[in-house]
Amino acid sequence: MRKKLIAIDLDGTLLHHDNTISDYTKKIIAKVQEKGHQVIISTGRPYRMALDYYLQLNLKTPIITFNGSLTHMPEQKWAFEHNVTLDRKYLFDILKYQNDFQMDFIASEYRKNFYITFSHRDKINPQLFGVEAITDEMMLEEVKITRNPNALLTQTHHQDKYALAKSMRAFFKDEIEIDSWGGPLNILEISPKNINKAYALNYLLGVLNKDKKDLIAFGDEHNDTEMLALAGTGYAMKNASPVLLPFADQQLEFSNEEDGVAKKLEELFL
């Protein structure tokens, strides 16, 4: 069998609702790697919020974070690191219209830190940002934004995050990418134009000298559409958003809560 590149989303795909990976999934992924296949985390999460899962799975591969904006090897230098940033002018515009967009918060995300608005500080879950507490030093102020961010992470109280993402894309004349996260949270992530998980995976295929027919992908949400379309075989979770299904080759019988990814990998490779 040809060795595969296996791209896996985290929220709503690999992770249970409590943000954990089951021991069964860890065991299956370890066995799949032992057979020479390469497992790639491909997530909308910032790097610091994905690193722990990378370590739990004992991966040695590049990681894709910020919805494709950052592709690199964790905790080491790598000649093929690829980093794309978002023009900070879009952050300033979103700050200006945050009430119209019904934002609970807006976070300007960088590889190792972030700044976040405090207008609804009570609605910020520190766990979402991989920290124990939100401190005053994290408050987003325009004077602090001296660099372009990797991405923006926002939470909205709009009743339909998909409709809001569509209207925001129209507002910005499709100059930026606005996608929803998997899982129950009303999270929207904003990335540079044409940057998504497929962009990063296509880059990796070139670096690793692989063909897209060797790529398998698992996802559950709107931000997985391009990734599943690119892959030789794209799997949508049982719990996937209906938006994703037209881009999938198959919908799994099992959800993220039922370890659907691991069950399919076991069927395919073990």
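Residues numbered from 1 in each chain as written. Predicted model: local features only at pLDDT ≥ 70, side-chain atom pairs only at ≥ 80, totals over all residues. Heavy atoms only, no water.

Going by what an unreviewed UniProt entry lists, the protein is known as Cof-type HAD-IIB family hydrolase and is assigned to Streptococcus didelphis.

Draft legend 1. Structural detail: the sheet that holds strand β10 (residues 187-192). The five strands lie next to each other as β7-β6-β8-β10-β9, forming an open sheet whose pairing is antiparallel. Every interior strand has two partners, whereas the edge strands, β7 (114-116) and β9 (176-180), have only one. Direction aside, the axes of adjacent strands within the sheet are offset by 20° on average. Here strand β8 (residues 151-156) runs beside β10; their pairing, made up of four bridges, is antiparallel. Following the sheet pairing, Gln-155 is matched in β10 by Ile-187. Contacts between helix α4 (residues 88-96) and the sheet are confined to β6 (103-109), β8, β9 and β10, with β6 contributing the most and set at about 165° to the helix. Relative to β9, helix α5 (residues 161-171) is tilted by about 175°, and along the sheet it contacts β6, β8, β9 and β10. (Pairing = 2+ DSSP bridges. Helix = DSSP H or I, 4+ residues; strand = E, 2+ residues; numbered from the N terminus. Axes fitted to C-alpha atoms, helices over the stretch in contact; angles between N-to-C directions. Contact = heavy atoms within 4.5 Å.)

Draft legend 2. How the structure looks around the side chain of Ser-241. One can find Ser-241 in the loop between β12 (233-236) and β13 (250-251). Contact partners of Ser-241, with chain neighbours within four places excluded, come to Tyr-162, Asp-220 and Glu-221.

Draft legend 3. Fine view of the sheet that holds β12. With respect to topology, five strands assemble into an open sheet ordered β2-β1-β11-β12-β13, the strand pairing being parallel. Where the open sheet ends on each side, the last strands, each with one partner, are β2 (38-41) and β13. Two strands pair when backbone bridges link them, and strand β11 (residues 215-219) and β12 are joined in this way by four bridges, in the parallel orientation. Considered in β12, the bridge of Gly-219 is made with Ala-236. Contacting β1 (5-8), β11, β12 and β13, helix α8 (residues 260-269) runs over the sheet at an angle of about 155° to β11.

Draft legend 4. Structural context of helix α6 (residues 197-207). Here α6 has its buried residues at Lys-197, Ala-198, Ala-200, Leu-201, Leu-204 and Leu-205. The arc enclosing the buried residues of α6, seen along the axis, measures out at 160°, which places them on a common side. In this fold, the buried residues of α6 make contact with β1, β2, β3 (63-65), β4 (70-72), β11 and α7 (225-230). Measuring from the backbone nitrogen of Ala-198 back to the side-chain oxygen at the start of α6 gives 3.0 Å, which picks out Asn-196 as the cap. (Buried < 20%, exposed > 50% of the residue type's maximum accessible area, 1.4 Å probe, protein only. Arc of directions from axis to C-beta. Polar contact = N/O pair within 3.5 Å; in protein donor to acceptor, adjacent residues only side chain to side chain.)

Draft legend 5. Spotlight on the environment of Leu-153. The topology assignment puts Leu-153 in strand β8. Judged by its relative accessible area of 0%, Leu-153 falls in the buried class. Through-space distance from the C-alpha of Leu-153 to that of Ser-255 is 25 Å; in sequence the pair is 102 residues apart. Those residues in contact with Leu-153 that sit more than four places away from it in its chain are Phe-105, Ile-106, Ala-107, Glu-109, Phe-129, Trp-181, Ile-187, Leu-188 and Glu-189.

Draft legend 6. Representation of the packing of aromatic side chains in the model. In total, this model carries eleven aromatic pairs according to the counting rule given. Ring geometry for Trp-78 against Phe-80: centres 5.7 Å apart, planes inclined by 65°, an arrangement best described as edge-to-face. Residue Phe-80 is classed as partly exposed on the basis of its relative accessible area, which comes to 42%. Here the aromatic rings of Tyr-97 and Phe-171 are separated by 5.1 Å at their centres, their planes lie at 70°, and the arrangement is edge-to-face. With a gap of 74 residues between them, Tyr-97 in the loop between α4 and β6 and Phe-171 in helix α5 connect regions that are remote in the sequence. For Tyr-97, a relative accessible area of 28% corresponds to the partly exposed category. (Phe/Tyr/Trp six-rings, centres within 6.5 Å; stacked < 30°, edge-to-face > 60°.)

Draft legend 7. Fine view of the pairing of β10. Where burial is concerned, most of β10 is hidden: six out of the six residues are buried. Bridge count for β9 against β10 is five bridges, and the pairing is antiparallel. Across the sheet, Ile-176 pairs through a bridge with Pro-192, a residue of β10.

Draft legend 8. Geometry of the nonpolar core. Core analysis: the largest hydrophobic core is formed by 32 residues, its most contacted members being Ile-6, Ile-8, Leu-14, Ile-29, Ile-41, Phe-218 and Leu-265. At the level of elements, β1, α1 (10-14), α2 (23-34), β2, α3 (51-56), β11 and α8 are the ones that each hand at least two residues to this core. The element contributing the most residues to this core is α8, with four residues. Ignoring sequence-local partners within four residues, the contact set of Phe-218 consists of Ile-6, Ala-7, Ile-8, Asp-9, Thr-13, Met-227, Leu-228, Tyr-235, Leu-252, Val-261, Lys-264 and Leu-265. Within the second largest apolar cluster, 21 residues are counted, among which are Leu-91, Ile-94, Ile-106 and Leu-164. (Core = buried A, V, L, I, M, F, W, Y, C linked by side-chain atoms within 4.5 Å.)

Draft legend 9. Structural view of unusual backbone geometry. Backbone geometry at Asn-209 places phi at a positive 55°, although glycine is not the residue there. The exposure class assigned to Asn-209 is exposed, which follows from its relative accessible area of 71%.

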